[in-house]
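For reference, the chains in residue letters:
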Amino acid sequence: MTDTVHSLSSLPIDDLNFIFVLNRATDEEISQAIDVMENSSGQHKGRITACKRELRKRMKERNK
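Residues numbered from 1 in each chain as written. Predicted model: local features only at pLDDT ≥ 70, side-chain atom pairs only at ≥ 80, totals over all residues. Heavy atoms only, no water.

**Describing the overall build of the protein**
Then, in step 1: What the protein contains, in helices and strands, is 4 helices and 0 strands.
Then, in step 2: In sequence order, the protein lays out its α and β elements as α-α-α-α.
Then, in step 3: Against the compact-globule benchmark of 11 Å for 64 residues, the protein has a radius of gyration of 11 Å, which places it among compact chains.
Then, in step 4: Seen through its principal axes, the protein has C-alpha atoms that stretch 35 × 25 × 20 Å.
Then, in step 5: Within the protein, the proportion of its 64 residues that are buried is 34%.
Then, in step 6: Within the protein, counting contacts between residues at least 6 apart in sequence, those at least 24 apart form 58% of the total.
Then, in step 7: Looking at the protein as shown, the accessible area adds up to about 4500 Å², and 52% of this sits on carbon and sulfur atoms.
Then, in step 8: Across the protein, the centroid of the 11 positively charged side chains sits 8 Å from that of the 10 negatively charged ones. (Helix = DSSP H or I, 4+ residues; strand = E, 2+ residues; numbered from the N terminus. Rg over C-alpha atoms; globule rule 2.2 N^0.38 Å. Buried < 20%, exposed > 50% of the residue type's maximum accessible area, 1.4 Å probe, protein only. Contact = heavy atoms within 4.5 Å. Areas by Shrake-Rupley, 256 points an atom, 1.4 Å probe, with all protein chains shown as cover. Lys, Arg positive; Asp, Glu negative; His and termini not counted. Charge placed at Lys NZ, Arg CZ, Asp CG, Glu CD.)

Here it is, written out as structure tokens:
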């Protein structure tokens, strides 16, 4: 697990470090973080939602 994936799957979503990491992460790293969070037993609903939202935003920007 990379540092980026670990940060996305562990930092609180209102932490500025989470926002920074999310903005610089690649699509693949975000997808990996989503997989890690969905396959763990922790409380990740907010982080998963934020990551999925970021992926949708990026897809929308590419399709313009």
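**A short note on the nonpolar core**
Then, in step 1: Formed by 14 residues in total, the largest nonpolar core has its most connected members in Leu 8, Phe 18, Leu 22, Ile 30, Ile 34 and Cys 51.
Then, in step 2: For this core, the secondary-structure elements that each account for two or more residues are helix H1 (3–8), helix H2 (16–24), helix H3 (27–38) and helix H4 (45–62).
Then, in step 3: Not counting the four nearest positions on each side in its chain, Leu 22 is found in contact with Leu 8, Ile 30, Ala 50, Cys 51, Glu 54 and Arg 58. (Core = buried A, V, L, I, M, F, W, Y, C linked by side-chain atoms within 4.5 Å.)

**Some thoughts on the environment of Leu 8**
Then, in step 1: Relative to the helices and strands, Leu 8 is located in helix H1.
Then, in step 2: Take Leu 8: its relative accessible area is 0%, and that puts it in the buried class.
Then, in step 3: Along the backbone, Leu 8 and Arg 47 are 39 residues apart, and their C-alpha atoms lie at a distance of 7.2 Å.

**Details of the pattern of salt bridges**
Then, in step 1: Scanning all chains against the criterion turns up 5 salt bridges.
Then, in step 2: One salt bridge connects Arg 62 with Asp 27, and the closest N-O pair in it is separated by 2.3 Å. Taken together, the residues Arg 62 in helix H4 and Asp 27 in helix H3 connect sequence positions 35 residues apart.
Then, in step 3: Relative accessible area serves as the criterion here: at 48%, Arg 62 is assigned to the partly exposed category.
Then, in step 4: One salt bridge in this structure joins Lys 57 and Glu 54, with 3.6 Å as the shortest N-O distance. Linking Lys 57 with Glu 54, this pair stays in helix H4, spanning 3 residues, or about one helical turn.
Then, in step 5: With relative accessibility at 9%, the residue Glu 54 sits in the buried group. (Salt bridge = Lys/Arg side-chain N within 4 Å of Asp/Glu carboxyl O.)

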